[in-house]
Every structure is written in structure tokens, then in C-alpha cells.
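Architecture at a glance
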Amino acid sequence: MGHITQTIYHINPAGIHVLITFFTGFYVGSLLLMFVDRKKRIQAILLSISIIILIIYISKGIIFSNIHWSRNIEWPVSGIFAGFVLGGGLGILRGETEFKWAARNTSVVLAGLIIFVFFNYHLSPYIENNINTTISDVVVVSVFIYFFKEFAMYTFKGPKLFMFGPANSGKSLFMAGCYLEASAPVNPSDDLLELIDELHTIGIDWPKHTTDVKDYHFTYEYGSLFIKNILFKMTDYPGPYLEKINEYMDKKEDKNEKNEEIFVKLAKDVKKSDKLIFIIDGEKYPDFDQMGIIEYIKILKKLPERRIIDSCVVITKCDLFVDEYKDKEKNEDPENDYNSFKKFISNKFVHDIRIQQLLRVVGDISIYPVFYYTKQVDKNKRKPIRDYAGNVFTFGFSELIDDMLK
Ligand SMILES: Nc1nc2c(ncn2[C@@H]2O[C@H](COP(=O)(O)OP(=O)(O)O)[C@@H](O)[C@H]2O)c(=O)[nH]1
Ligand SMILES: [Mg+2]
């Protein structure tokens, strides 16, 4: 610090005074915004501690001499204002809650300060410059600025979930259910929004089958101080695709086959995911060989070990078993005891040797039942029960999501 004080001393004190007070204000203005942004709060707290220490040092004249905050109050105040506006603060009026620019600006100001001090120090006539120390100082300063920026900009990442299943197994409706039951879903894909819209259209029983590839995804934020984002993702493909994913798990992209590109991407998604959700069609029961389980096992075998942990098996369309459950459980509604219904469904499915094999990898307790409440309309047809506004009722989704966050 001694050198810095010395070098600063020789620069015009009035100019320094304006610079220091303005940029301290700028920094404070940016920090205020970072407090508003839930994802930057932790950084804001830590950076506040550093700025408070800095202000105390400056006020005592330890770092810079002759800085009086109240003498030209317009400079720190306009600094705060500039920091706030350039950090995107006017977005508050539009209801924005994320301020990436504020975080970026704090790093720019700090980088500016360090570079300023660096040049002052090395250009000072009192310092004997030596090429080696200059280079090592440049390296230290660059590394510090880089890591500081990374720290200020950092958002805590949560796991990526990828779900898949055979054709017509209820994949699309499963995704829709997760979206509807997640308490604060953000950034839904266009395809997912369209699906939700269709699900709320009175007159359509079930969203119609699509004939093209659909990209369903959304993120879900959780936590209060350390905000994490969890990504729910599914690519819907009309027709069988488990076999293809399996095939492309270890096959290099074939340049000639343009229409196979989607499977290359899907296989990549599977490998990059932190949790896999295997969808099993409850309607196929007890036809276990129709459920795609063998393909799941093959895909699992091609994954690196750590990717398999925490994956789970979801049985869709479990409304088909509700009557049987009620007969057995003295007419008790599944809603009254989630765990009991979960156990009931597990017991039904776990007898199959293929399911056992799958569970051996993903863990015994991970069979999750989900369904939409339905009513029978004719012999082989059920349609979802809706309230007066057209909303559907679901079972099991919020419990599944809660478990996925653990
Ligand atoms: N009874 C019942 N049928 C369902 C449920 N979810 C989906 N289905 C039926 O399964 C069909 C296919 O669902 P969808 O989500 O489009 O499957 P995908 O082809 O795997 O995307 C729907 O059209 C419904 O007839 C459910 O919870 N209960
Ligand atoms: Mg679909």
C-alpha cells in the first residue's frame, strides 16, 4: 500500500478526488442492483464487505489522502445514479429482476482501479522497473481480474434433467404436468407453451399427437440465498426413438444422414444430463416387453457411472390403477396418502425382471407414479377431468419435482 499511496500522491489531488468518489458511488449503485437480483445476492454481500472496508480506508486517508465524501457530494451521488442506470436499474420499472450488467460493471470498475494503480506504480519515477517483475505483475493482475469477473458474474447451476420414453407413453403430458406443478417455472420453450395452451383448450380431450420433433424445456429456480436453476428437458419425437438414441450413444455422426442428426443431439443430451427420467407407459401394463425397458438398460450401460445416480423411473397414466387401489385400501383416495399409492404402484411393477434390472441401476425407491385425473367416456376411452375454467387435475408431479431437487 505504501507505494500506491506514494504514487497517487503525485497526481493532481482534485482529479483523483472526483474519480474516486464518482467510481465508489458507481460501485455502490451497481451493488444495490445486485442485491435486488436474487441470483447475485451472495456476491453482493461479499462485495459490500470489501467496499465498506475500502471506504473506511479511504476515509481515514490510508489509501488515498484528502478524500472527503461530503465535500463534493454531487460526485458520489451521480456515481450511484450512473451505476444504477448502467447496471440496467431502469428495468425495475418493467418488472425485471435480473441485472447481469450490474455485476459486469462492478468487475469493470475494479479492473479499472487495478489497472490505474498498476500503471501509476510502474510509470512512477521512484520505481526501478525490471522487466521480470513487470511481467509477473501483469500476470497477477490479469488473473485476479479474470477471477473477479467470474465471481461477480457467477450463477449457481443446478442439475439438468432429461426425460424420455417410447412413443405414446405420455411423454408430452408428463412434461406439461411438471411445468404446471413446478412452483416457479421460467423460460418455457415455445413448443411447451403451445402444449400447455392446448391442454387448457376446452373441447380438446388430450393434446393431439404431433408429427414433428418438439423441443420441450423449462428451468425451475429454487433456494433462497444460493439460487439454483434446474433444467427440465425433453425432445419429443413422433415414433420410436429409444433404439436410435441407444445406437447413437457410441456412434460418430454420419455426415451423409441428415435426418439422423436429431439422434446425435439426443444421445448427447442424454450423456450431458445429470439425472435421467425413464418414462414407462402405465397403460401397457402388464405387457412389460412393450415398455422399452430393454432399451433403457442398454442406454444406461453406455453412460459414465456418475451420470446414473439419482435417475428415476416414472409410471404414467396411473389413473388406470386408481379403482384397484381404492378397492384394496377401503376406498381411500390416492391423494390422501402419496407414499402408500407410490408403494402400491411399485409393488405392481417391481415383479417384472426387466424393471428389477433397471431399478438395480437407478435405485429401488425410485418408481414414481403420476397421472391426470380422468373419467371414462366409453369402453376404451378416458378423458381428463376439468374444472369450470378448463384446468386439469394432476397427481404425483410436485412430489417428484421435490425429490429431484434433493
Ligand atoms: N388415462 C390417461 N391417459 C393418458 C395420461 N397421459 C397421457 N395419456 C394418453 O396417452 C396419450 C399420449 O400422450 P402423449 O403425452 O402425447 O405421449 P407421447 O407420445 O409420449 O408424447 C394421450 O393422448 C392420452 O390419450 C394420463 O395421465 N391418464
Ligand atoms: Mg408427444
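Now for a description of the structure that goes with this document.

Rules used in this analysis
- Residues numbered from 1 in each chain as written.
- Chains lettered and ligands numbered in written order.
- Predicted model: local features only at pLDDT ≥ 70, side-chain atom pairs only at ≥ 80, totals over all residues.
- Heavy atoms only, no water.
- Near = heavy atom within 4 Å.
- Polar contact = N/O pair within 3.5 Å; in protein donor to acceptor, adjacent residues only side chain to side chain.
- Areas by Shrake-Rupley, 256 points an atom, 1.4 Å probe, with all protein chains shown as cover.
- 1 Å grid on protein atoms, 1.4 Å probe; cavity = no way out; pocket = protein on both sides within 12 Å on 5 of 7 lines; lining within 4 Å.
- Sits in = over half its atoms within 2 Å of the grid points.
- Helix = DSSP H or I, 4+ residues; strand = E, 2+ residues; numbered from the N terminus.
- Nonpolar A, V, L, I, M, F, W, Y, C, P; charged D, E, K, R; others polar.
- Donors = N, O, S within 2.8 Å, 3.2 Å for Na, K, Ca; no water.
- Buried < 20%, exposed > 50% of the residue type's maximum accessible area, 1.4 Å probe, protein only.
- Contact = heavy atoms within 4.5 Å.
- Arc of directions from axis to C-beta.
- Pairing = 2+ DSSP bridges.
- Salt bridge = Lys/Arg side-chain N within 4 Å of Asp/Glu carboxyl O.
- Patch = residues over 30% accessible without salt bridge, like charges linked within 9 Å, V, L, I, M, F, W, Y side chains within 5 Å.
- Lys, Arg positive; Asp, Glu negative; His and termini not counted.
- Charge placed at Lys NZ, Arg CZ, Asp CG, Glu CD.
- Core = buried A, V, L, I, M, F, W, Y, C linked by side-chain atoms within 4.5 Å.

On to the site of ligand 1, then. In the neighbourhood of ligand 1, 15 residues make up the surrounding shell, with Lys171, Ser172, Leu173, Asp319 and Tyr372 lying closest. A distance of 3.0 Å separates an oxygen atom of ligand 1 from a polar atom in the backbone of Asn168. Its free accessible area being 580 Å², ligand 1 has 87% of it covered by the protein chains. In a pocket analysis with a 2 Å cut-off to the grid points, ligand 1 is assigned to the second largest pocket. Secondary-structure elements contributing two or more residues to the shell around ligand 1 are helix H7 (171–181) and strand E8 (371–372). Ranked by residues supplied to the shell around ligand 1, first place goes to H7 with 3 residues. Its residues assigned to classes, the shell around ligand 1 shows 5 nonpolar, 6 polar and 4 charged.

Before going further, it helps to examine the coordination of the magnesium ion (ligand 2). Bound to the magnesium ion (ligand 2) on the protein side are Ser172 (OG) and Asp236 (OD), at distances that span 1.9 to 2.1 Å. Highlighted residues: Ser172 in helix H7 and Asp236 in strand E4 (residues 228–236), separated in sequence by 64 residues. Taking the relative accessible area as the measure of exposure, Ser172 reaches 18% and is therefore buried.

This paragraph deals with the environment of Met404. Relative to the elements of secondary structure, Met404 occurs in helix H15 (residues 397–405). Remark: the alpha-carbon pair of Met404 and Lys317, spanning 87 residues in sequence, is separated by 20 Å. Non-local contacts of Met404, meaning those with residues more than four positions away in its chain, are made with Leu161, Ile230, Lys275, Ile277 and Cys312.

We now examine H15. Regarding H15, the residues found buried are Phe397, Leu400, Ile401, Met404 and Leu405. All buried residues of H15 project into a common sector of 135 degrees when viewed along the axis, lining one side.

It is worth spelling out the sheet that holds strand E5 (residues 275–281) at this point. Pairing within the open sheet is mixed, and its 7 strands lie in the order E2-E3-E4-E1-E5-E6-E7. Two strands lie at the open edges of the sheet, namely strand E2 (185–186) and strand E7 (367–369), each paired on one side alone. Bridge analysis of strand E1 (residues 157–164) against E5 gives 4 bridges, and the strand direction is parallel. Bridging from a neighbouring strand, Phe162 pairs with Leu276 of E5.

Once that is clear, we can look at the pattern of salt bridges. Side-chain pairing between opposite charges can occur once the charged atoms of the two side chains come close. Enumeration over the complete set of coordinates arrives at 25 salt bridges. Residue Glu98 pairs with Lys39 through a salt bridge whose shortest N-O separation is 3.1 Å. Separated by 59 residues along the polypeptide, Glu98 in the loop between helix H4 (74–86) and helix H5 (100–123) and Lys39 in the loop between helix H2 (13–36) and helix H3 (41–59) bring together distant segments of the chain. Judged by its relative accessible area of 11%, Lys39 is buried. In this structure, the salt-bridge partner of Arg94 is Glu96, at a minimum N-O distance of 3.4 Å. The exposed category is assigned to Arg94, whose relative accessible area is 63%.

Further remarks concern a positive patch on the surface. Taken together, the side chains of Lys157, Lys160, Lys252, Lys268, Lys271 and Lys272 define a basic patch exposed on the protein surface. For the positive patch, the elements supplying multiple residues, two or more each, are E1 and helix H10 (261–272). Per element, the largest residue contribution to the positive patch is 3 residues, and it comes from H10. Residue placement: Lys252 occurs in the loop between helix H9 (242–248) and H10.

Formed by 76 residues in total, the largest nonpolar core has its most connected members in Phe164, Phe174, Phe232, Ile280 and Phe349. Residues in contact with Ile280, not counting those within four places in the same chain, are Met291, Ile293, Tyr296, Val313, Val314, Ile315, Thr316, Phe349, Ile355 and Leu358. The next biggest cluster of nonpolar side chains, apart from the first, holds 19 residues, and it includes Phe99, Phe118, Val141 and Phe148.

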